[in-house]
Every structure is written in structure tokens, then in C-alpha cells.
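What follows is each chain in one-letter form.
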Amino acid sequence: MKSSEPARQAPPAVEPALGRRRFLGYVLAAPTLMAAAELAPAPQASAAVGAQPAASGIPSADITEIVDLNDALTLAALPTSALITVQVNKDGTVSFALPRAEVGQGITTSTAMLIAEEMDVPLDQVRVTLADARPELLFNQLTGASNTTVATYTPIRVAAAIARRRLLEAAATELRAPVEELTIKAGVVTGPAGESRTFRDLAEKAAATTTQTVTAELKTADRFTVIGTPQGRIDALAAVTGRKKFAMDLTVPDALPTMVCRAPTINGTVASVANMDAVRALPGVTDVAVISTGVAVRARTFGQCVDGVRALRVAWQPGTAAGKSDETVLDELEKAELPIGLPPLTPTVDATFTFHFRGNSALETNCAIADVRADRAEIWSGLKAPIVARQTIAARLRLPVSAVTVHVTESGGSFGRKLFFDAALEAAEASQKFGKPVKLMWHRADDVRQGRVHPMAISRVRASYLGGAVLGYHQRHTSVATDLGHGFGEILTALAAKLPVGDIGFSETFFQLSQSMPYDFGVYSRLLNETDKDFNTGSMRNVYSPDVTCARELVVDRLAAKVGKDPVRFRRDFLRDDRARAVLDKVAEAGDWGRTMPAGTAQGVALHSEYGSASAVLVEIDCRPGTVNRPVRDGVAGPRVTKAVCAVDVGLTVNPRGLEAQMTGCLMDGIAQTLTSSLHLRDGCFLEASWDNYFYTRQWNTPPDVRVIVMADTSEKPGGAGELGVAASMAAVACAYGRATGTMPTSFPINHGTLSFEPKPTVPPVPQSPTDGLEHAL
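Now for a description of the structure that goes with this document. This is a predicted model, so every value here is computed, not measured.

## Brief notes about the nonpolar core
Here's step 1: Within the largest apolar cluster, 74 residues are counted, with the highest numbers of intra-cluster contacts made by Phe353, Phe521, Leu559 and Ile621.
Here's step 2: Among the elements that make up this core, the one with the highest residue count is helix α19 (residues 724-741) (12 residues).
Here's step 3: The next biggest cluster of nonpolar side chains, apart from the first, holds 59 residues, and it includes Leu130, Ala172, Phe199 and Val408.

As C-alpha cells, this is what we get:
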């Protein structure tokens, strides 16, 4: 795959930079310098810049132009910002415990960049770790909704700026020079006479014996030397050399491998076990016990755990989805669809789209370590909502919350999966049952069949038009219930999201605050209805947006055809925002939109905006028989995206290289959801059981030509980026497929109707390991 360095666009002419912002903060009592932010501007601070009106000057009925989900999460986090600290250590390094989860998205690197920028310290001198679960942070320890950089951008910079000022004051005393005459470069403070002190020299001298309230000035953008520059990940070397530590790499005394024998249907429970004593007697097996989700087996090795799980003879109670299939769920969804109203007298485009279940497994299988004693418990796991996890585990174990310690480990992927703590809860339960520490890991088949999935959904769209005008746009999205039981990261909203009456209100709020309408399409409405809580669903990357946006962009293409306009020109004419128009123009230019292409191939374009950011994607697809019918063992090759251009405007870009990686990953997600990735439900069980038959974007469907264009900064603060490119990518591929085949796709992924593999058995739940690898080696 060819991928360029992020093409950072030269900034346009702008008005003179605003004055520096001054903020209140604290120097905390500690042996070495420790600083924190108070997110209230100091009295002399300049006024905040207001939101820009829509380009057309027409007020919008879209609530996300006033407040969106990201705004809500950021505001909720502000009151506890003073509890997040930057510390200068005795060796001169700078430490920060990030109250978010690093799951591969690169937030430890961007966080280190913010600290390095404000403190003028080398990036490799900044140490970013992950904070343990801290209930006192309330809403300030949830990783999701592309919110990390948005919510922490100012608090981290303020704390770092306070630390910097304190170091200067300590150096001024040492060097007997005014602070104004000192400079900091690469972690060294230099005075007017050339004398210098390192951060190591000053760490203890700058410390405070009592907590003090101070003010700090943040750098203006014209002084940035780190923010906005492409940086490699600070953990890259550890990752490629095998030194990076994940949960299963940790050594906890006497924590032995543990796995769970699970039911053949979703959420089935144990009725009885016929041979528990015989399994306990197997080589290496130390303990066997029934827990709420199955039968836990603890052994010396994971291989011996697998032997134990496969040997168990369990009678199962039916699961929550017993007897259900794709067809029965689709029927439920159709019956639950909310009315869209009587058709207008003007012409309409009316279409319904089906989106099948998709797997929410990460590359790192679900896992956790637990050491539960009579009076306390300690948990290690990759968690995006660790406060809820800690509080829920404490309740399950009947321990006070203060007696439970939850350590957040780095994770190998998430896509929303690590918002749920199934493995940590199971590990805690198994450890309590055994009275011994456990190192619990799910098998890949467990995660695919009993883990979290993206809900099946249908989306109906009706757009009315007359001449060249769109008079109205209405969308009714109906979905299997999305489990938002993580709430906003703490127990109260987590419980509210699970209440029989509160859950649909919580989901509808989440839906409305996370969806945007970038086009001026007259009278506009969108509504969500959810049904069927029998599945383990989750907030998969971008949640509702890929399906909702894909349906919308396909209808936009149909509208363009109805009024006889080019799809790019049509979108451009109706866009309300200049930033959205700019990213669309950029991909059309860079992707050579409208070029002549062979029959069976085509270009597609789509746009998506959310959380203060905008992205546009242009792809080229090959749907010719020679490509579609390529032989793939136990798989369906299908069409191939041969080229992709993505333009992204996130307001202010902290790390262009990290942003490129995010958008490239989003592109792969979008291709997968349009073409190949889905779960097949039959008799209450998903047929897929591993990555070998769950067809995420593979090398044969990866575009050989990929370009990510990072637009010039258009704001003083960053917008959301982690999920931004998924919806536009999925929609662009769908639009390209429709143009290449002449038929608008309405069921996704388009290859769902072909079952290309022999499903693995559900009993025993862990399939036999393959032994024919050499037969398939090239």
C-alpha cells in the first residue's frame, strides 16, 4: 500500500493572532514540582471566540451546531481538571498519568507533545502513563466519542505551563536574574550570563510545601514548535521490539491462566456440569468453577485451559437470543420503525437500507488479571470506562469501592470494545470463587460469538425535491438496542442508561448529539428507535454515524442524479459550512474527480462532519468480474477499492502523523463495513468464530493508493478525530459501488448474502486448533 506523508496544507492568510490566554492553576504540595490546572480563565483573560455561523447565514435546526456529544463530555470533565497533575521528577523527566485509555490511537504521544510544547522539554523526556481508576474524577475518565484530545488539550497545557513558570522562578533565584531574562530550551534554563540549570537541578527547588494558587500563560500558536509537527509514536520502539506491556504480559504472583467454557447460544447459562471432577484431574488444571457466564477453568498454561474447556460436558439453559436469525431480527426492526409521515406532493427519493451485525472484537483478545481476597481486590485490564468497572466489580464482589483497585493497562485495539469490562468482571468473579489470582483470557471464538457486536439496523430516508431544490429530508433509524451501559464514565449515568425507561432516552440523546446534517436540505428530521435487548451490543467506532451517513450519502447521490447534477457539485451547492466545502473541494481536486474510467469501475465521494471536525473521502472501486471473482480460500474477494483520498480538518492538528494513521484506519473500517465485514446470525448464535472467517479489510481489498490530506488549522483548539473518517469512508465506497454497478446498494455489507466458509461447531465452544497451516503456506 502506498501512503504519503500527511499533506499538511499551507495555512491561508489569517487575522493577527489573539493575545495569550491566562489561566488559574495550582502548585501542589509535593517533594518535587507538581502542577495542576483550574479551568477558569484568570480575570485578565481575553474573551473566548464564539462559534462561527453557518456559511449561508441561515439558522440551523441541527442541535449539534449548538452542542454535541463531545461538548457535553468536555464540559462534564471540567470540574475535576484540577485533579490531573504534571510532575517534574528528580531525574529531570516530566510525568503525567493520563486519565484515558491508550488502545493504539496514539493519545500518549499527543499528550506528551502538549507537555513538551508548554514546558520546552524534549519529547523523549516526557513520561505518560495511564491512571488507575479514580472515582473522584467523575466524568473525566471515559475514553470515547473522539474526546480525549478535545477535553484534555487545555488542562494539560495549563498544568504544564504552571510547571514551566515555577521552574523559571526557581532558576531565577539560583541564577540571580529576573524571570523575564531567562530562557528554556530542551529542558535547560539559561540565564543572561550563560549560566544554566537543568530540570533535574530545579525539580526539588521548585516544589511547594503548601498548595498555592497561581496563574499561567499559554503559548500562542505562532510560537508552537512541537504541536502541529509530525511525530512518531513515543511507544513505537517498545511495540516493535516486544517490550510494550499489555495485560497478559504482566507478572502477578500466582495469577495462572484461566478461560471460560461458554454456551452455544448468546448469553446461555449453565444448567449442570456432568464431569467437573474429571476436568479438575486433567494435567495442569488447578481449579474449575461455575460462574455467571459459564464454567471457569484455571490451569498452569492456556493450552491446558483449552483442554479443560473442551473436555467439559455442560448442559445449558437457552440464551437470550435463542432461535433468532438475521431474518427474524430484520422483521423485528421493520415492525419497530417509527412513522416517517405521508409522502409529499412533490417528487421524492425514498429508500430503506439494512446494516447487518458486525463484530466488535479488537486484535487483542478480551483479557484481565484479578487478585481477589476476602477484604480487597486488585484488577489489571485495558479499560475505557474504569470508574464504572471499579464500581460494578465492587458491587459484584460485595466489597466497598475503596477496597477495589483497578489498574488501566494499554490495549491492543478497542474500536469501542474496551468501553465494556466483561473480562475484568469475569476475572474478579473467578478469582473470588477460586480464592486465587487469575490471568483470564477469552478465546477468539468467545469474543466473536459472545462478545460485543455492532447492532443490526435499518435506516429509512425520504428526501423531497422540486427542480433543483431539496425541500425536505427525513431519516428514521431503527436499531437493535445499543448497550450504552458505560454511561458517561461513572455509575449514575451508567445506571440511567440501563433503566427500562431511561435507556431509550439516553440512546436518543446520544444519537441526536452525535449526528450532524451538513446540508441545507429544507425541513429536516431524524429519529432513532431501538428494539430487542437480547444481544451484547456496544459503542463500536463511530457508533450510529457510519450507517446513518452511508444511507444519507447514497440518497444524496440519487438526488443529484434526479436533478441532473454532478454529485460533487450537488453536495457543494447544499453544504452550509465552508470547512466542509473545503475538504470536499480538496478530495475532488487531489483525486481527479470526474476522470474517465473503464466500465465496471467508478469513483465515489462522501462527506461527514462531527465534533468540530470535517472529513471528505473520494475512492475508486473496481467491480469488474475479474476482480470480484478472485479466488480466496474460504472467503469472498468481492470488489476492490483501488484508490482513496481523504481530506480532514480537525480545527487544530496536534500530531499530523498520528492523524494520518487514524484516518487510514478509518478508511479500512469503512471499506470493511461496506464490502465484507458482518456476522451471520442463525439459531441464536453467530456463525463466525475468528478472524479467519470474519472478513475485515484484507490485503486483497486494501487500496494500493492511499493519500491523507491534513488541512490547514482553522481553529485555536482541536476537534474530534478518532472516529471521524469511518462514516465518510463507508459512504464513499457505497456510492462508488452504486456508480460502478448502476444499482444503489441497500444491504450491507454487500457480500453478506454469501456464506463462504464452513461454520465451526459451538460445542465445545473453543474450536480445535488447525494443524494444516503448512498446506496453505506459499
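## Brief notes about the sheet that holds strand β23 (residues 457-466)
Here's step 1: Strand order in the open sheet formed by five strands is β25-β24-β23-β16-β32, and the pairing between neighbours is mixed. At either margin of the open sheet sits one strand with a lone partner, and together these are β25 (523-531) and β32 (747-748).
Here's step 2: Sheet strands touched by helix α8 (residues 326-336): β16 (348-355), β23, β24 (469-480) and β25. Its angle to β24, the strand with the most contacts, is close to 130°.

## Structural notes on the sheet that holds strand β18 (residues 367-372)
Here's step 1: A sheet is described by the order of its strands in space; here seven strands give the open sequence β13-β14-β11-β21-β18-β19-β20, paired in mixed fashion. Each having just a single partner strand, β13 (285-291) and β20 (404-408) make up the two edges of the open sheet. Neighbour-to-neighbour, the strand axes of the sheet open up by a mean angle of 20°, direction not taken into account.
Here's step 2: In this sheet, strand β21 (residues 438-441) lies alongside β18 in antiparallel orientation, the contact comprising four bridges. Opposite Cys367, over in β21, you have Met441 as the bridge partner.
Here's step 3: Contacting β11 (256-261), β13, β14 (294-299) and β21, helix α7 (residues 302-311) runs over the sheet at an angle of about 25° to β11.
Here's step 4: Across the sheet, helix α10 (residues 422-434) is in contact with β11, β13, β14, β18, β19 (377-381) and β21; its angle to β18 comes to roughly 35°.

## Brief notes about the environment of Pro546
Here's step 1: By the secondary structure assignment, Pro546 is in helix α14 (residues 545-562).
Here's step 2: On the accessibility criterion, Pro546 (0% relative accessible area) is buried.
Here's step 3: Residues Pro546 and Ser729, 183 residues apart in the sequence, show an inter-C-alpha distance of 8.4 Å.
Here's step 4: Each residue touching Pro546, except ones within four places of it in the same chain, is listed here: Arg541, Gln673, Val726, Ala727 and Met730.

About the criteria used
Residues numbered from 1 in each chain as written. Predicted model: local features only at pLDDT ≥ 70, side-chain atom pairs only at ≥ 80, totals over all residues. Heavy atoms only, no water. Core = buried A, V, L, I, M, F, W, Y, C linked by side-chain atoms within 4.5 Å. Buried < 20%, exposed > 50% of the residue type's maximum accessible area, 1.4 Å probe, protein only. Helix = DSSP H or I, 4+ residues; strand = E, 2+ residues; numbered from the N terminus. Pairing = 2+ DSSP bridges. Contact = heavy atoms within 4.5 Å. Axes fitted to C-alpha atoms, helices over the stretch in contact; angles between N-to-C directions.

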